[in-house]
Amino acid sequence: MKRFSSRSAAFATLTLLGLGASTILTGCFEKGEKGRDCTPKGGTCATAAVVVDLSKKTGCGLVLHLADSTYLVPTGATWTNFHPKAGDKVLVGYTKVKKHGCGTDSTKAGCSAGPLVELGCISTNTTTTAGAN
């Protein structure tokens with residue numbers, strides 16, 4: 001019987017130490033300001049754009065061309081999960097990405113076509129224009 005109670009105490013101690021360590025480590029990761037700055041704020045898909053391929057011109061690959069003739073170089077999971085192709089008309093919400101942060105695609109970091117942006121949302125633009133007939 002004495003052996004049983006010493007094993008129980010040792011197991012309980014190890015369990016408490018393990019739970020305490022995991023709680024402390026989790027708290028450390030959540031306190032970082034970096035994660036808060038990197039969350040895309042562009043959650044409303046309100047900016048119309050056309051997907052264009054600039055691989056031959058600048059080597060940037062697929063980028064977004066806005067109505068005001070500017071280009072945006074999209075990054076992030078929202079963009080890669082969308083599977084865009086040249087000519088797609090889309091609505092996007094985005095946040096400009098600061099240099100060296102937020103897990104940007106390093107292959108696009110040197111793209112000179114326009115600013116790097118992380119998409120908060122993207123959807124296909126199904127509205128037709130007045131001259132589309």
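Residues numbered from 1 in each chain as written. Predicted model: local features only at pLDDT ≥ 70, side-chain atom pairs only at ≥ 80, totals over all residues. Heavy atoms only, no water.

1. Quick notes on the pattern of salt bridges
Put simply, the rule is: Criterion for a salt bridge: a side-chain nitrogen of Lys or Arg within 4 Å of a carboxyl oxygen of Asp or Glu. The buried label applies to any residue whose accessible area, calculated with a 1.4 Å probe on protein chains only, is under 20% of its type's maximum; exposed applies above 50%, and partly exposed to all values in between.
Counted under the stated rule, the structure contains one salt bridge. Of the charged contacts in the structure, one is a salt bridge between aspartate 88 and lysine 85, with a shortest N-O distance of 3.5 Å. The class of lysine 85 is exposed, set by a relative accessible area of 55%.

2. Side note on the state of the cysteines
Joining two cysteines, a disulfide is a covalent bond between their sulfur atoms. Stated formally: Disulfides are defined as cysteine sulfur pairs within 2.5 Å. Numbering goes from the N terminus for both helices and strands, where a helix is a DSSP run of H or I of at least four residues and a strand is a run of E of at least two.
Taken as a whole and judged by the stated rule, the model has two disulfides. Here cysteine 45 is linked by a disulfide to cysteine 121, with a sulfur-sulfur distance of 2.1 Å. With cysteine 45 in the loop between helix 2 (33–37) and strand 1 (47–53) and cysteine 121 in strand 5 (residues 116–124), the pair connects residues that are 76 residues apart, well separated along the chain. A residue is classified by how much of its surface remains accessible, and cysteine 45, at 26% relative accessible area, is partly exposed. The exposure class assigned to cysteine 121 is buried, which follows from its relative accessible area of 11%. A disulfide bridge connects cysteine 60 with cysteine 111, and the sulfur atoms are separated by 1.7 Å. Across the disulfide from cysteine 60 to cysteine 111, rotation about the S-S bond amounts to roughly 105 degrees, and the bridge is consequently right-handed. Note that cysteine 60 is positioned in the loop between strand 1 and strand 2 (62–66) and cysteine 111 in the loop between strand 4 (89–96) and strand 5, a separation of 51 residues in sequence. With a relative accessible area of 14%, cysteine 111 lands in the buried category.

3. Observations concerning the confidence of the model for the chain
Worth spelling out the cut-off: Every residue is assigned a pLDDT by the predictor, reflecting its confidence on a scale from 0 to 100. In what follows, a contact means two residues having at least one pair of non-hydrogen atoms within 4.5 Å.
Summarising the model, the chain shows a mean pLDDT of 73, and 55% of its residues fall at 70 or more. This model gives residues 25–37 a pLDDT under 50, and the stretch forms two contacts once residues within four places in sequence are excluded.

4. Structural notes on unusual backbone geometry
In terms of backbone geometry, most residues other than glycine have negative phi values and most peptide bonds are trans. A positive phi is found at serine 69, a non-glycine position, where the angle reads about 70 degrees. Here serine 69 lies in the loop between strand 2 and strand 3 (71–75). One non-glycine residue, histidine 83, lies in positive phi territory at about 60 degrees. Residue placement: histidine 83 occurs in the loop between helix 3 (77–82) and strand 4.

5. Observations regarding the pairing of strand 3
Let me state the cut-off plainly: Two strands pair under a simple rule: DSSP has to find at least two bridges between them.
Among the five residues in strand 3, four count as buried, and that is most of the element. Relative to strand 3, strand 2 is paired through two bridges, and the arrangement is antiparallel. Residue histidine 65 lies in a different strand from strand 3, and its bridge partner there is tyrosine 71. Where strand 2 hands over to strand 3, the hairpin turn is made up of four residues, of which serine 69 adopts a positive phi near 70 degrees. Direction of pairing for strand 3 relative to strand 5: parallel, over a ladder of three bridges. The residue of strand 5 that forms the bridge with proline 74 is valine 117.

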